[in-house]
Amino acid sequence: DPLAAGADAASFDPVWYLQAYPDVRQAGIDPWEHFLARGRAEGRLAAPVRALELDHLLWRGHAAMVLPALAALRAGADPREAALAGWALARWQVDQGDRAAARAALGGERGIAGAAHVLNHPGPFLLGAQLALGQGDTAGARALLRAGSRRFGLLPDFLLGELLCRKALGAGPGDLNDLLAGIYLPQGLLPV
C-alpha cells in the first residue's frame, strides 16, 4: 500500500525501532528496510505511540489519570494519535456500557482506518461495524465491513459481520446458511 508506506516513512523512528526490536538491532539490518520487508507485516510499529502506552495503563486501573490524556490526544492535531486514542476510548466505553460514546470515539471510517493502519489488524473495523449495527445503522456497518475487507481481505470475521447485518435486515435461514457455507467450505468444512 503506497499511501501506508508514505505515512510510515513520515513517522518512522529508526532509533526507537532498533531499541524496541533488539532482534533487528542484533541482526544488523537497516531498520527501515526491515520494517518495509517484514516488520509491518509482523505488526511492528514504526514509532512510539502515546495512545497505545495510555491504553495499556487504562486497563490496569489508571482510568482517572488516563482518560483525560486520551481525550486530549483524540482531540489533538496528530491523526495517528487521534485515531489510536479513539480506538482506546471506544474499547473502554464499550466495556463501560456506553456504545454511543464508543462509536463517537472511533471517529467514523477515517478514524477507524487510521487506527487499523497502525495496529495492522481488523479490530477497529469490526468494532465500528458492531457499534453501527447496535444503533440500527446497517448501511454504516456494511460500509465498515467492506472497507475492512479491502484493507485486510475477506476474513471470516467480516463475513460473520455481514451475517449479522443480513439478520438485522430480516434475512431468512436459507440466506444465512448460504453465507455460513461461504465461510465453512473454503476451510474444508461441511456447510450448515
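Just above, that's the structure.
Residues numbered from 1 in each chain as written. Predicted model: local features only at pLDDT ≥ 70, side-chain atom pairs only at ≥ 80, totals over all residues. Heavy atoms only, no water.

Peer 1: Could you give an account of the pattern of salt bridges, with specific residues and numbers?
Peer 2: Between side chains of opposite charge, a pair can form as their charged atoms come close. Taken as a whole, this structure holds 9 salt bridges when the rule is applied. Glu 53 serves as the salt-bridge partner of Arg 50, at 3.5 Å between the closest nitrogen and oxygen. One end of the pair is Arg 50 and the other is Glu 53, both in helix α5 (residues 50–58) and 3 residues apart, which spans about a single turn. Judged by its relative accessible area of 43%, Arg 50 falls in the partly exposed class. A salt bridge links Glu 162 to Arg 142; the nearest nitrogen and oxygen atoms lie 2.4 Å apart. (Salt bridge = Lys/Arg side-chain N within 4 Å of Asp/Glu carboxyl O. Helix = DSSP H or I, 4+ residues; strand = E, 2+ residues; numbered from the N terminus. Buried < 20%, exposed > 50% of the residue type's maximum accessible area, 1.4 Å probe, protein only.)

Peer 1: Mind laying out the packing of helix α7 (residues 79–96) against helix α9 (residues 108–119), listing which residues take part and the relevant values?
Peer 2: Look at α7 against α9: their axes get within 8 Å of each other, and the N-to-C directions meet at 95°. Taken as axis vectors, α7 and α9 run roughly perpendicular relative to one another. Contacts between α7 and α9 involve Arg 80, Ala 83, Leu 84 and Trp 87 from the first element and Gly 111, Gly 114, Ala 115, Val 118 and Leu 119 from the second. In terms of residue class, the contact of α7 with α9 is made up of 6 nonpolar, 2 polar and 1 charged. (Axes fitted to C-alpha atoms, helices over the stretch in contact; angles between N-to-C directions. Parallel < 35°, antiparallel > 145°, perpendicular 65-115°, else oblique. Contact = heavy atoms within 4.5 Å. Nonpolar A, V, L, I, M, F, W, Y, C, P; charged D, E, K, R; others polar.)

Peer 1: I'd love a proper account of the environment of Tyr 17, names of residues and values included.
Peer 2: Inspection of the secondary structure puts Tyr 17 in helix α2 (residues 14–20). Contact partners of Tyr 17, with chain neighbours within four places excluded, come to Phe 12, Val 24, Pro 31, His 34, Phe 35, Gly 39, Arg 44 and Leu 45.

Peer 1: Lay out helix α13 (residues 173–184) with the relevant residues and their values.
Peer 2: Across its 12 residues, α13 extends 16 Å between first and last C-alpha, which sits within 8% of the 16 Å expected from 1.5 Å per residue. Along α13, the residues that are buried comprise Leu 176, Leu 179, Leu 180, Ala 181 and Ile 183. Looking at the buried side of α13, the elements it contacts are α12 (156–168). (Expected span 1.5 Å × (residues − 1).)

Peer 1: Describe the side chain of Arg 40, with residues and values.
Peer 2: Along the chain, Arg 40 falls in the loop between α4 (31–39) and α5. A relative accessible area of 15% means that Arg 40 is categorised as buried. Reaching out from Arg 40, the side chain makes a polar contact with the side chain of His 117 at a distance of 2.7 Å. (Polar contact = N/O pair within 3.5 Å; in protein donor to acceptor, adjacent residues only side chain to side chain.)

Peer 1: Break down the packing of α9 against helix α11 (residues 138–152) for me, citing the residues and quoting the values.
Peer 2: Where α9 contacts α11, the axes come no closer than 11 Å and their chain directions differ by 30°. Here α11 runs roughly parallel to α9, going by the angle between their axes. Pair α9 / α11 crosses with right-handed handedness. Residue-level contacts link Glu 109, Ile 112, Ala 116 and His 117 of α9 to Ala 143, Leu 144, Ala 147, Arg 150, Arg 151 and Phe 152 of α11. Among the residues making up the contact of α9 with α11, the classes are represented as 6 nonpolar, 1 polar and 3 charged. (Left-handed = near helix turned anticlockwise from the far one by under 90°.)

Peer 1: Which residues make up the nonpolar core, and what values do they have?
Peer 2: Counting 43 residues, the largest nonpolar core has Leu 70, Leu 84, Leu 106 and Phe 125 as its most contacted members. Looking at this core, the elements that each hand over two or more residues are α5, α6 (63–74), α7, α8 (99–106), α9, α10 (123–134), α11 and α12. Looking at this core, the element that brings in the most residues is α7, giving 8 residues. (Core = buried A, V, L, I, M, F, W, Y, C linked by side-chain atoms within 4.5 Å.)

Peer 1: Run through α12, naming residues and quoting values.
Peer 2: The end-to-end C-alpha distance of α12, which contains 13 residues, comes to 18 Å, matching closely the 18 Å that a straight helix rising 1.5 Å per residue would cover. Where α12 is concerned, the buried positions are Phe 158, Leu 159, Gly 161, Glu 162, Leu 163 and Cys 165. Looking at the buried side of α12, the elements it contacts are α10, α11 and α13. Just beyond α12, the residue with positive phi is Gly 170, at close to 90°.

Note that all results are geometric; they support no functional claim without further evidence.
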